[in-house]
Amino acid sequence: MTENKIRVVITNKQKTIKIPTGLRMLVRRTCNAVLRMEEFKGAAEISVTFVDNAGIKELNAQYRDKDIETDVLSFPMGENGVWDKDPETGAFILGDVVISMEKAVEQAEIYGHTLQREVGYLTAHSVLHLLGYDHMEPLDKVHMREKEELVMEQLGLPASISYIADYN
């Protein structure tokens, strides 16, 4: 059954942090878990790129007019549940996820959990953005956090401590 096939294209554009064995598989599993939780119908494509702090700072300046390093950026390709389709595969193109591996390592240390947990969490957070979720309002932030944590638990990566991220 290929109708719900999820294609996750992962690119590493940084040399600062070695990508641990299994991390790419975790990113793929996280994307699949979010789409399954959200009952996404149809085939989908997601692009995930690992960058360093300089790379994410450049993207923030270019696309958000912010001269800062963030942990993750989401570039949704759809709006209101409508996405372009890849003419060759028929898959919905959900968008791009960009993760700063340097920030992920820093935050894993700050929050006292593994790099796998941090990258999984950032991936889940970003894929929810690709699906149209937002955290501008306090209630939306809580709703989004609940979904992120549900996915982390499904992947066997529950939170080691309770924390509220400072979204930029």
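Cut-offs applied
- Per-chain numbering applies: the sequence of each chain, read as written, is numbered from 1 onward.
- The predicted origin of the model limits local features to residues at a pLDDT of at least 70 and limits the giving and counting of side-chain atom pairs to 80 or more, whereas totals for whole chains, interfaces and linings rest on all residues.
- Only heavy atoms go into the side-chain values, all of them from the structure, while hydrogens and water stay out.
- Numbering of helices and strands runs from the N terminus; a helix is a DSSP stretch of H or I covering at least four residues, while a strand is a stretch of E covering at least two.
- For a helix, the expected span equals 1.5 Å multiplied by the residue count minus one.
- The buried label goes to any residue with under 20% of its type's maximum accessible area, the exposed label to any with over 50%, and the partly exposed label to all in between, with areas taken from a 1.4 Å probe on protein chains only.
- Working rule for contacts: check all heavy atoms of both residues, and any pair within 4.5 Å makes them a contact.
- The axes used here are C-alpha line fits, helices contributing only the stretch in contact, and every angle between their N-to-C directions lies in the interval 0 to 180 degrees.
- Note that the term roughly parallel is reserved for angles under 35 degrees, roughly antiparallel for angles over 145, roughly perpendicular for angles of 65 to 115, and oblique for everything else.
- Crossing handedness is defined as follows: a turn of the near helix away from the far one that is anticlockwise and smaller than a right angle gives a left-handed crossing, while the clockwise case is right-handed.
- Amino acid classes used here: Ala, Val, Leu, Ile, Met, Phe, Trp, Tyr, Cys and Pro are nonpolar; Asp, Glu, Lys and Arg are charged; the rest, including Gly, are polar.
- When a carboxyl oxygen of Asp or Glu is within 4 Å of a side-chain nitrogen of Lys or Arg, the pair counts as a salt bridge.

Draft legend 1. Fine view of helix H5 (residues 138–154). Taking 1.5 Å as the rise per residue, H5 with 17 residues should run 24 Å; its terminal C-alpha atoms sit 25 Å apart, in good agreement. All of the buried residues along H5 are Met144, Arg145, Lys147, Glu148, Glu149, Val151 and Met152. Backbone geometry just downstream of H5 places Gly156 in the positive-phi region, at approximately 75°.

Draft legend 2. Just the environment of Asp86, in detail. Summarising the element assignment, Asp86 is placed in the loop between strand S3 (72–76) and strand S4 (92–100). By relative accessible area, Asp86 is classed as buried at 15%. Sequence-distant contacts of Asp86, defined by excluding residues within four places in its chain, comprise Glu45, Ala91 and Ile93.

Draft legend 3. Molecular detail of the packing of helix H4 (residues 115–130) against H5. Interaxial distance between H4 and H5 falls to 9 Å at its minimum, and their mutual angle equals 130°. In this view, H4 runs oblique relative to H5, as classed from their interaxial angle. Remark: the crossing between H4 and H5 carries right-handed chirality. In this structure, H4 uses Arg117, Gly120, Tyr121, Ala124, His125, Leu128 and His129 to contact H5, whose residues at the interface are Met144, Arg145, Lys147, Glu148, Glu149, Val151 and Met152. Here the contact of H4 with H5 is composed, by residue class, of six nonpolar, three polar and five charged.

Draft legend 4. Layout of the pattern of salt bridges. Throughout the structure, instances matching the rule amount to five salt bridges. The partner of Glu38 in a salt bridge is Lys147, with the nearest N and O atoms 2.8 Å apart. Placement of Glu38 in the loop between helix H1 (23–37) and strand S2 (44–51) and of Lys147 in helix H5 is noted, with a sequence separation of 109 residues between them. A relative accessible area of 15% places Lys147 in the buried class.

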